[in-house]
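Residue-level listing of the chains:
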Amino acid sequence: MAQNNIPISEVYWALVDKADRKFSMIRDLPFYGGTRYDSYFHKVFKVYTQLWKFQQENRQKLVEAGLKRWEIGEIASRIAQLYYGQYLRSSEANYLSESYIFYEAIVSREYFKDGPLSSQDTNLVNKQFRCLARFLIVSLVLNRREMVNHLVNQLKLLVEECKRTFQESDFKEWRQVLHEIARFLKYDTPFLNIRPLRYSMILDPNPDSLPHVTSWEGRRNLRLREAIVSSYHHNEVKFTELTLDTFRMLQCLEWEPSGSFYQAGASTGGNGISSGQNGQGSNRPNYSQDITDPLLPPNPRKAILYHPAVTHFIAVLATIIEDLPPDGILLIYLSASGKRGQGVSSPLSAGAIENASESTVKNFQSHDMASDIQCSSTSTSQHNIPTHSYSQCNDNNKHNHPGCLWMGSRGTGGSNCICPSDLIPFTRRPLFLIIDSDSSHSFKTLRGAEMGEPSALLLSPISPSPATTVPFDSSGHSGGNQFTMFLTAPLQAFCRLVGLSGSNIDMDAYNEADKLLTLSLSAWGSTLATSDTLDPVWAQILCDPFLRRILVRFTFCRAVLALYAPTFNNKEFVPDCLPHLPDSVLPMTKASQTAILQIAHTFGVANQFRFTEGISAPENGI
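Just so we're clear, the structure is a prediction, and the values are computed from it rather than from any experiment.

So, how was this worked out
- Starting afresh in each chain, residues are numbered from 1 along the sequence in its written order.
- Since the coordinates come from a predicted model, pLDDT governs what is reported: local features require at least 70, and pairs of side-chain atoms require 80 or more to be given and counted, while whole-chain, interface and lining totals use all residues.
- Hydrogens and waters are ignored; side-chain quantities use all the structure's heavy atoms.
- Numbering of helices and strands starts at the N terminus; helices are DSSP runs of H or I of at least 4 residues and strands are runs of E of at least 2.
- Here the term buried applies to any residue with accessible area under 20% of the maximum for its type, exposed to any over 50%, and partly exposed to those in between, with areas from a 1.4 Å probe on protein chains only.
- Each accessible area value is a Shrake-Rupley result obtained with a 1.4 Å probe; residue values ignore everything except the protein chains displayed when judging cover.
- The rule for a salt bridge is simple: a side-chain nitrogen of Lys or Arg has to be within 4 Å of a carboxyl oxygen of Asp or Glu.
- Aromatic pairing here means that ring centres of Phe, Tyr or Trp (its six-membered ring) are within 6.5 Å. Orientation follows from the plane angle: under 30 degrees is stacked, over 60 is edge-to-face, and everything else is tilted.
- Charges are assigned to positions over rings by a cutoff of 6 Å between ring centre and Lys NZ or Arg CZ, combined with an angular limit of 35 degrees from the ring normal.
- Note: two strands are recorded as paired if DSSP finds a minimum of 2 bridges between them.
- Orientation is described by lines fitted to C-alpha atoms, with helices fitted over the stretch in contact, and by angles between N-to-C directions that extend from 0 to 180 degrees.
- Contact criterion: two residues are considered in contact whenever any of their non-hydrogen atoms come within 4.5 Å of each other.
- Nitrogen and oxygen atoms within 3.5 Å of one another constitute a polar contact, given that in protein one can donate a hydrogen and the other can accept it, and given that sequence-neighbouring residues count only through two side-chain atoms.
- Small angles under 35 degrees read as roughly parallel and large ones over 145 as roughly antiparallel, with 65 to 115 read as roughly perpendicular and the rest as oblique.
- Here the term charged refers only to Asp, Glu, Lys and Arg, the term nonpolar to Ala, Val, Leu, Ile, Met, Phe, Trp, Tyr, Cys and Pro, and the term polar to all other amino acids, Gly among them.
- Expected span of a helix, by definition, is 1.5 Å for each gap between consecutive residues, and there is one gap fewer than residues.
- Think of a nonpolar core as a cluster: buried Ala, Val, Leu, Ile, Met, Phe, Trp, Tyr and Cys residues, connected wherever their side-chain atoms sit within 4.5 Å.
- Counted charges follow a simple rule, with Lys and Arg positive, Asp and Glu negative, and His plus the chain ends left uncounted.
- For a crossing to be left-handed, the near helix must be turned anticlockwise from the far one by less than a right angle; the clockwise case is right-handed.

> Can you tell me about the overall build of the protein chain, naming the residues and giving the values?
For the protein chain, the count of helices and strands is 20 helices and ten strands. Among the 622 residues that make up the protein chain, the fraction classed as buried is 58%. Split by element, the accessible area of the protein chain, about 25,500 Å² in all, is 50% carbon and sulfur.

> Explain unusual backbone geometry residue by residue, including any values.
Between Leu578 and the following residue, Pro579, the backbone shows a cis peptide bond with an omega angle of -10°. You can see Pro579 is positioned in the loop between strand E10 (576–578) and helix H20 (590–603). Even without being glycine, Asn143 reaches a positive phi, approximately 65°. For Asn143, a relative accessible area of 27% corresponds to the partly exposed category. The phi dihedral of Thr240 is positive, around 50°, even though this residue is not glycine. On the secondary structure map, Thr240 appears in the loop between strand E2 (238–239) and strand E3 (242–243).

> Give a description of the pattern of salt bridges that names residues and reports values.
For the coordinates displayed, the defined rule picks out 15 salt bridges. Between Arg21 and Asp17 there is a salt bridge, with its nearest N and O atoms 3.2 Å apart. Of the two residues, Arg21 and Asp17 both sit in helix H1 (residues 8–27), four residues apart, roughly one turn of that helix. Here Asp17 falls in the partly exposed class, since its relative accessible area comes to 41%. Among the ionic pairs, Asp204 bridges to Arg549, the shortest N-O distance being 3.2 Å. With Asp204 in the loop between helix H9 (172–187) and strand E1 (223–232) and Arg549 in helix H19 (residues 545–563), the pair connects residues that are 345 residues apart, well separated along the chain. Each member of the pair, Asp204 as well as Arg549, is classed as buried. A cluster of three or more residues bridged by salt bridges with shared partners is formed by Arg195, Asp204, Asp514 and Arg549.

> Please give an account of the packing of aromatic side chains that cites residues and values.
Each aromatic ring pair is described using two quantities: the centre-to-centre distance and the angle formed by the ring planes. Following the criterion strictly, the structure yields 26 aromatic pairs and no others. When the ring of Phe486 is compared with that of Phe556, the centres are 6.0 Å apart and the planes differ by 55°; the resulting orientation is tilted. Of this pair, Phe486 sits in helix H15 (residues 482–488) while Phe556 sits in helix H19, and the two are 70 residues apart along the sequence. By relative accessible area, which is 0% here, Phe486 ends up buried. Aromatic ring contacts, followed pair by pair, group Phe486, Phe494, Trp524, Phe556, Tyr564, Phe603, Phe609 and Phe611 into a single cluster. When the ring centre of Phe23 is taken as origin, the NZ or CZ atom of Arg78, which lies over that ring, is 4.1 Å away. Its end group placed over the ring of Tyr100, Arg144 keeps NZ or CZ at 4.4 Å from the ring centre.

> A description of the sheet that holds E10 should follow, citing residues and the corresponding values.
If you walk across this open sheet you meet the six strands as E4-E1-E5-E8-E9-E10, and the pairing is mixed. Only two strands of the sheet have a single neighbouring strand rather than two, namely strand E4 (301–306) and E10. Neighbour to neighbour, the strand axes of the sheet diverge by 10° on average, direction disregarded. Sheet topology places E1 next to strand E5 (residues 328–336); nine bridges connect them, and they run parallel. The partner of Arg223 across the bridge, within E5, is Gly328. Its contacts with the sheet put helix H10 (residues 244–252) on E1, E4, E5 and strand E8 (431–436), and the angle it makes with E1 is roughly 170°.

> Before we move on, could you go through the pairing of E1 and cite the residues and values that matter?
Along any regular strand, the residues point their side chains to alternate faces of the sheet. Most of E1 sits out of view: eight of its ten residues are buried. Two strands pair when backbone bridges link them, and E1 and E4 are joined in this way by six bridges, in the parallel orientation. Across the sheet, residue Ile228 finds its bridge partner in E4, namely Ala303.

> Now, about the side chain of Asn299: what can you tell me, with residues and values included?
Its location among the elements puts Asn299 in the loop between helix H11 (260–267) and E4. Classification of Asn299 as buried rests on a relative accessible area of 8%. In this structure the side chain of Asn299 is engaged in a polar contact, spanning 2.7 Å, whose partner is the backbone oxygen of Ser91. In this structure, Asn299 is in contact with Ser90, Ser91, Glu92, Ala93, Glu254 and Trp255, ignoring residues within four places of it in sequence.

> Residues and numbers for the packing of helix H17 (residues 507–529) against H19, please.
Running from N to C, H17 and H19 cross one another at 110°; their axes reach a closest spacing of 9 Å. Viewed along their axes, H17 and H19 adopt a mutual orientation that is roughly perpendicular. Contacts between H17 and H19 involve Leu517, Leu521, Ser522, Trp524, Gly525, Ser526 and Leu528 from the former and Arg548, Leu551, Val552, Arg553, Thr555 and Phe556 from the latter. Considered class by class, the residues forming the contact of H17 with H19 number seven nonpolar, four polar and two charged.

> For helix H2 (residues 38–57), give the residues involved together with the corresponding values.
Taking 1.5 Å as the rise per residue, H2 with 20 residues should run 28 Å; its terminal C-alpha atoms sit 28 Å apart, in good agreement. Taken together, the buried positions of H2 are occupied by Asp38, Phe41, Val44, Phe45, Val47, Tyr48, Thr49, Leu51, Trp52, Phe54, Gln55 and Gln56. The inward-facing, buried residues of H2 abut H1, helix H3 (59–64), helix H4 (69–90) and helix H5 (93–108).

> Describe the nonpolar core, listing the residues and the values that go with them.
Residues Phe432, Phe494 and Phe603 are the most contacted members of the largest nonpolar core, which totals 149 residues. Counting 31 residues, the second largest nonpolar core, distinct from the first, contains Ala303, Leu324, Leu431 and Leu578.

> Give me the side chain of Arg89: which residues, what numbers.
Along the chain, Arg89 turns up in helix H4. The charged side chain of Arg89 is buried without a salt bridge, its nearest counter-charge being Asp38 at 6.2 Å. If near-sequence neighbours (up to four positions away) are discounted, Arg89 is found in contact with Ile26, Leu29, Pro30, Phe31, Tyr37 and Arg301.

> Tell me what's going on with the packing of H5 against helix H7 (residues 122–141), and back it up with residues and numbers.
Put simply, H5 and H7 touch, their axes get as near as 10 Å, and they point 135° apart. Overall, the two elements H5 and H7 adopt an arrangement that is oblique. The chirality of how H5 crosses H7 is left-handed. Counted together, Leu96, Ser99, Tyr100, Tyr103, Glu104, Ile106 and Val107 of H5 and Cys131, Leu132, Arg134, Phe135, Val138, Ser139 and Val141 of H7 form the full contact between these two elements. The residue makeup of the contact of H5 with H7, split by class, is ten nonpolar, two polar and two charged.

Such coordinate-based values are descriptive only and should not be taken to indicate function.
Written out as structure tokens, the structure reads:
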């Protein structure tokens, strides 16, 4: 185009306009549905590749024609959004890493410095706020805590600067966002991140070394291919659309990067942005580039649903089930209250702050690619499923009985609750259900009602066990559900139960307990794999490292809560599973009691548990 004597600046702005139009095309595409939207992503990325290359090759002329640094930063921010969006669609952490590299370049080179504030344009300042907020999300998911703290400070400084330049009301919502991230970090402490929540090839058993399931010869093995992770609680601790529970479960279903890919990427500039102040690195990004870590298998794809309408949840579930491969199993994680009116905060409650921050999130997401996930009020048609549990759910709504999961703050009937029978049509394919709710046991009605494939169910206790010391915030929320914490960070959950935290824990004892837990989890896994009474539902998923790890952690959780003295022999405080696991891994077996006693003894809290006479910890520890 430039060869036809068209000014460089006109070519550039034509490319910007084209890129904006392409970006708008994919902004509202859903993040679920497999690879069906990949072609759209590639088309948009192709345009941004051309735009980025063009501005690099003609930077000086464009600057002379009036190109501002913040405009370059905005292009880089869009590219980072594209990478993050593709991570959400594919769950491949390499896309997340590429997004991080672009955002880091924007912040380190201060592309937005002086431009927005000096122009006194609130729209430009909001662009900077949104860029920092998006970078915060990426840094959180990547567990880059130093950068998270740095970005929080950046946001605080920007808010203070804006107070001196603009009316405070223009940025009141961003102060609420700061409140939200501060509350999130208050409960997601460094102690909870001592060990990666992701599956580590170094710390967790190598998938190739998992014991062979002897009772499952000649039958198929299932792999976790897809997951739906959803949470809906009153005033729950969250940042944007990531609650503490979904944040932990998201990481639990991914591989911890081995480092080989990222080290190689860092030496070449990663995404092609050099460390020079002008950012004139290589001509990447290249959307067709193979950005996978060869040492790691693919991550299961995940749909993260924050406060979804029931109809939206079912629509996502149907779409994912349709695309599930023959050897695939779908994990459904649902964390919600079984009590009507506990779904979201009332406008007069402490949740008013959260509502304000949510409106801000929607504001910056309206320029992002997440509008399909936002909760919207929808009408719901009745489900004509001839089972007793659905009619029971409707009856129970009148009496506030926990027979379903509440996914709304008002109304009655099926429009605001998920009943066990809602999942029955989807049991034609293998399902692995994790229900963390005070009405979790109502989902036992699924067992035997499946329409093709028996489902695996892990059900939380009806009531969480009272911990020795639990830091509650003003809303009464303790920073995530106990059952979910046991499945994602089991040793930290144990410490929290017995009143230990990062401030009062002996790290030598912690490390010894971690080794004991690793050995115990491995022993439980071997016991399950070699059991003659292992149900085929569990046998066919033990080869999957993610599902196996969750299952053995469930065994640990059940043993701890069953032996915990304040709730000893009280089924209300003990999780359950269907089908039942072999008797050899029950809490009262000698092996299970010894494992819990060893860990409790290491921390000096054995007196908080009850053990059968004759159970003792070895004198030499491990």
